[in-house]
Amino acid sequence: MAMHDVECCDTFQTHEELLNLVSQKMPDEDELYDLAELFKVFGDSTRIRILYVLFEAEVCVCDLAQALNMTQSAISHQLKILKQNKLVKSRREGKSVFYSLADNHVRTIIAQGREHIEE
């Protein structure tokens, strides 16, 4: 067997009780689609870098651009995507707009992901 092959059963036999349980627990297609879309947002290293900065502190766009050595326009583009997906929130203070993680779920997702890759 080649290294990249996945092992399969020797015979085809289904387990009805298990299949029934799975079908009862399976979210509907829309929810699965939304979940896949959310994970796509995490599939960009620039957005992950932004989230890591926000993991540590609430910062303005200027600080983010400086910290990540990017233009404000590039940062703004990524922040828009993060905000649309409810991963970050913003607040205006005078002439500055400060960004932070939307909630503890975002913190947990990042922490769990990091834990997983470090295993």
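You'll find the structure just up there.
About the cut-offs
Residues numbered from 1 in each chain as written. Predicted model: local features only at pLDDT ≥ 70, side-chain atom pairs only at ≥ 80, totals over all residues. Heavy atoms only, no water. Core = buried A, V, L, I, M, F, W, Y, C linked by side-chain atoms within 4.5 Å. Buried < 20%, exposed > 50% of the residue type's maximum accessible area, 1.4 Å probe, protein only. Helix = DSSP H or I, 4+ residues; strand = E, 2+ residues; numbered from the N terminus. Contact = heavy atoms within 4.5 Å. Pairing = 2+ DSSP bridges. Axes fitted to C-alpha atoms, helices over the stretch in contact; angles between N-to-C directions. Parallel < 35°, antiparallel > 145°, perpendicular 65-115°, else oblique. Nonpolar A, V, L, I, M, F, W, Y, C, P; charged D, E, K, R; others polar.

**Student:** Please explain the nonpolar core as it appears in this structure.
**Tutor:** Soluble, globular proteins show a tendency: their nonpolar side chains are buried together. Residues Ile-50, Leu-51, Ile-75, Leu-79 and Leu-82 are the most contacted members of the largest nonpolar core, which totals 21 residues. Of all the secondary-structure elements, those providing two or more residues to this core are helix 3 (45-56), helix 4 (61-68), helix 5 (72-84), strand 3 (96-101) and helix 6 (104-118). Residues within four places of Leu-51 in sequence aside, it is in contact with Phe-42, Leu-82, Leu-87, Val-88, Leu-101, Val-106 and Ile-110.

**Student:** Would you explain the sheet that holds strand 3 in this entry?
**Tutor:** By definition, the strands of a sheet pair up through backbone hydrogen bonds, in either a parallel or an antiparallel sense. In spatial order, the strands read 1-3-2; together these three strands make up an open sheet with antiparallel pairing. The sheet is open, and its two borders are formed by strand 1 (59-60) and strand 2 (88-93), each paired with just one other strand. Looking at chain direction, strand 1 and strand 3 are connected through two bridges and run antiparallel. In the sheet register, Val-59 faces strand 3, and the bridge partner there is Tyr-99. The strands touched by helix 3 are strand 1, strand 2 and strand 3; relative to strand 3, the strand with the most contacts, the crossing angle is about 90 degrees.

**Student:** Got a minute to help me understand the packing of helix 4 against helix 5 in this structure?
**Tutor:** Helix packing geometry: the angle between the two helix axes and the distance between the axes. The geometry of helix 4 relative to helix 5 is characterised by a closest axis approach of 9 Å and an angle of 110 degrees between their N-to-C directions. Our classification of the angle between helix 4 and helix 5 gives roughly perpendicular. Where helix 4 approaches helix 5, its residues Val-61, Cys-62, Leu-64, Ala-65 and Leu-68 are matched on the opposing element by Gln-72, Ile-75, Ser-76 and Leu-79. Among the residues forming the contact of helix 4 with helix 5, the class breakdown is seven nonpolar, two polar and no charged.

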